[in-house]
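Here are the chains, one letter per residue:
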Amino acid sequence: MLAAEIPTLLAMAFRTVMDQVHESLAAEGFDDVRPAHGFVFQYLSHREAGATAVELGVHLGVTKQAAVQLVDELEARGYVERRPHPTDRRSRMVVLAPRGWACVASVVRRWNEIEARWVDLIGADQVDHLRADLQRIVTASGQAVALRPVW
């Protein structure tokens, strides 16, 4: 195998995982979740106080208007809630609603199931090595790497 094939295989593995996750989500009643929503959920799940639409836009690499539209959509579907900003009366904080947290929990469960299947497929040691190697690759740049969409 040529070394240049590894990025393609990583992308294909990610796509396979996410297709399985979205299939599972649809079966659990989260059939209105799109991949872009997952990046919002992931970002918000690590911020107890939530985030503003501007912060979400910066994270996602989209305009504030696009972020507000995405938040409107997710709020209408019951995945996020807007709350008052603690210091800025003109701004609102976006936080995961109970339905959003339930979706996040479902994704985490599914990811754990997929990793367990990988252990069955290639062995626990190989999965541990894969995880460690990928962590090294991600941190080797010396830059903070955020999980965000590639538009």
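Conventions used here
- Residues numbered from 1 in each chain as written.
- Predicted model: local features only at pLDDT ≥ 70, side-chain atom pairs only at ≥ 80, totals over all residues.
- Heavy atoms only, no water.
- Buried < 20%, exposed > 50% of the residue type's maximum accessible area, 1.4 Å probe, protein only.
- Helix = DSSP H or I, 4+ residues; strand = E, 2+ residues; numbered from the N terminus.
- Arc of directions from axis to C-beta.
- Phe/Tyr/Trp six-rings, centres within 6.5 Å; stacked < 30°, edge-to-face > 60°.
- Salt bridge = Lys/Arg side-chain N within 4 Å of Asp/Glu carboxyl O.

A few words on helix 3 (residues 53-60). Within the span of helix 3, buried status applies to Ala53, Leu56, Gly57, His59 and Leu60. Each buried residue of helix 3 sits inside an arc of 165 degrees when the element is viewed along its axis, so together they form one side.

Summed over all chains, the structure comprises 2 aromatic pairs. Judged by centre distance (6.3 Å) and plane angle (45 degrees), the ring pair of phenylalanine 30 and tyrosine 79 falls under tilted. Pair noted here: phenylalanine 30 is in the loop between helix 1 (5-27) and helix 2 (35-45) and tyrosine 79 is in the loop between helix 4 (64-76) and strand 1 (80-84), with a separation of 49 residues, a long-range link. Each member of the pair, phenylalanine 30 as well as tyrosine 79, carries the same accessibility label: buried.

Turning our attention to the pattern of salt bridges. The tally for this structure, following the rule as stated, stands at 13 salt bridges. The partner of arginine 83 in a salt bridge is glutamate 81, with the nearest N and O atoms 3.1 Å apart. Looking at arginine 83, the relative accessible area reads 41%, which means it is partly exposed. With a shortest N-O distance of 3.2 Å, arginine 131 and aspartate 128 are connected by a salt bridge. In this pair, arginine 131 and aspartate 128 both sit in helix 6 (residues 124-139), 3 residues apart, roughly one turn of the helix. Accessibility expressed as a relative area gives 34% for arginine 131, which makes it partly exposed. Since its relative accessible area comes to 43%, aspartate 128 is described here as partly exposed.

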